Amino acid sequence: MNPSPNYLYASLIAGFALAASTANAAFSLYQDFQSLTVGYDISGSDPNENFTVSNTNAGTASGGFTVAADPTTPGNNVLRSDAVSRAFAGALTTLTIPNNSTATLFYRIYRLGSNAPDVNFGVSDQTANLIPTANAGLDYQSQLNVSGGVGNAQNSEFSPRNGGGTSNTDVIWTANTYFGIYQVVNTSTNTTQFYYQRVTDPAPILLTSVPGAVSNQAFRNAGTRPGTAMSHFLMVAGVPAGGGTQDVFYLDDIYIDLAGANLTAPVLIPEPATGCLMMAGACCLLLRRRPGRS
């Protein structure tokens, strides 16, 4: 007997639900921006945002970090950054990464690629009060940097923080493509291993320094860091070196797993459009039993 269309559709939905629940089993959601309306400025006071926006060279903290519609997925909200010389910090509260532990920070990023990038993502053991400085990047410990500006061969390269500098990896953040980023943060050794994954990658890929293939990247203040928890998620948008205009970035799906290294994405990369499951179900409903068969 052929399975009924309704059975096939129900099985498909159940499969998607099982895959999602399995992937999310260990990760905890920090922010996916779905509870905030499109156009919302995260310098506002909505308690659902859990962010503090700071101004550095700008006269005001407003503008530059706003909730937007995902450029690839109808119905999905993301954070759009077209800020220059601004930072935001979000207190991780119950998702604080304790000292002497290993945890994984996951998030998805996307860039338009029409201009030069200067942006940083990561976590810090500093308080939000220290973020509005001339160089908010000083407050990072575990940090993914993409910068360089006009005329710099590495201006689109993923450059993990490694102690007092950053590591060249020869991995380019290509435009108009979602990347899932995994930061495996070890507060015992004060190091991070960084991974990236695109929709075409069957598994996350470890970022290593070239030459030398070093993967354990030291915290910014690894030698002098106080023994405190990683308490804040940070993003800093700077001014591209050598001139040029800052690119536009999208950030989404910030998750943390406090149990250790986790290289299973908590969401699909990229996320399916809202109508994908309905379309898949419609395809199932088109399946008909052949005449004379049961």
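The notes below deal with the structure included here. (Residues numbered from 1 in each chain as written. Predicted model: local features only at pLDDT ≥ 70, side-chain atom pairs only at ≥ 80, totals over all residues. Heavy atoms only, no water.)

### A closer look at the overall build of the chain
What counts, and what does not: Runs of E in the DSSP output that reach at least two residues are strands. Runs of H or I that reach at least four are helices, and both are numbered from the N terminus. Think of it in three bands: residues with accessible area under 20% of the maximum for their type are buried, residues over 50% are exposed, and the middle band is partly exposed, with areas taken using a 1.4 Å probe on protein chains only. Note on definitions: a residue-residue contact is assigned when non-hydrogen atoms from the two residues lie within 4.5 Å. The Shrake-Rupley method, run with a 1.4 Å probe, gives the accessible areas here. Residue values count only the displayed protein chains as cover.
A tally of helices and strands in the chain yields 2 helices and 16 strands. Sorting the 294 residues of the chain into buried and exposed places 47% on the buried side. Taking contacts inside the chain between residues at least 6 apart in sequence as the whole, the part at least 24 apart equals 71%. Of the accessible surface of the chain, which amounts to about 12900 Å², a share of 56% is contributed by carbon and sulfur atoms.

### Considering the packing of aromatic side chains
Inclusion rule: Here is the rule: rings of Phe, Tyr and Trp (six-membered ring for Trp) pair when centre to centre is within 6.5 Å. Planes less than 30 degrees apart are stacked, more than 60 are edge-to-face, and the remainder are tilted.
Considering all chains together, one arrives at 19 aromatic pairs under this definition. A ring pair is formed by tyrosine 110 and tyrosine 178, whose centres lie 4.9 Å apart and whose planes are at 50°; its orientation type is tilted. Of the two residues, tyrosine 110 is situated in strand β6 (residues 102–111) and tyrosine 178 in the loop between β10 (165–166) and β11 (179–186); the sequence distance between them amounts to 68 residues. With respect to class, tyrosine 110 is no different from tyrosine 178; both count as buried. Relative to phenylalanine 249, the ring of tryptophan 173 lies with its centre 5.5 Å away and its plane at 20°, an arrangement referred to as stacked. In this pair, tryptophan 173 is assigned in the loop between β10 and β11 and phenylalanine 249 in strand β16 (residues 249–257), connecting sequence segments 76 residues apart. Take phenylalanine 249: its relative accessible area is 1%, and that puts it in the buried class.

### Some points on the environment of serine 43
Note the cut-off: Pairing of N or O atoms within 3.5 Å defines a polar contact, subject to two protein rules: one partner must be a possible hydrogen donor and the other a possible acceptor, and residues neighboring in sequence count only if both atoms are side-chain atoms.
Tracing the sequence through the fold places serine 43 in the loop between β1 (28–31) and β2 (52–55). Along the primary structure serine 43 and phenylalanine 65 are separated by 22 residues, whereas in three dimensions their C-alpha atoms are 7.7 Å apart. A distance of 2.8 Å separates a polar atom in the side chain of serine 43 from a polar atom in the side chain of aspartate 41.

### Some thoughts on the side chain of aspartate 247
Following the sequence through the fold, aspartate 247 ends up in the loop between β15 (232–237) and β16. Polar contacts involving the side chain of aspartate 247 include one to the side chain of arginine 111, which spans 2.9 Å. For aspartate 247, the residues in contact, after removing those within four places along its chain, are Ser81, Asp82, Arg111, Leu112, Gly113, Ser114, Asn115, Ala116 and Pro117.

None of this, on its own, says anything about what the molecule does.
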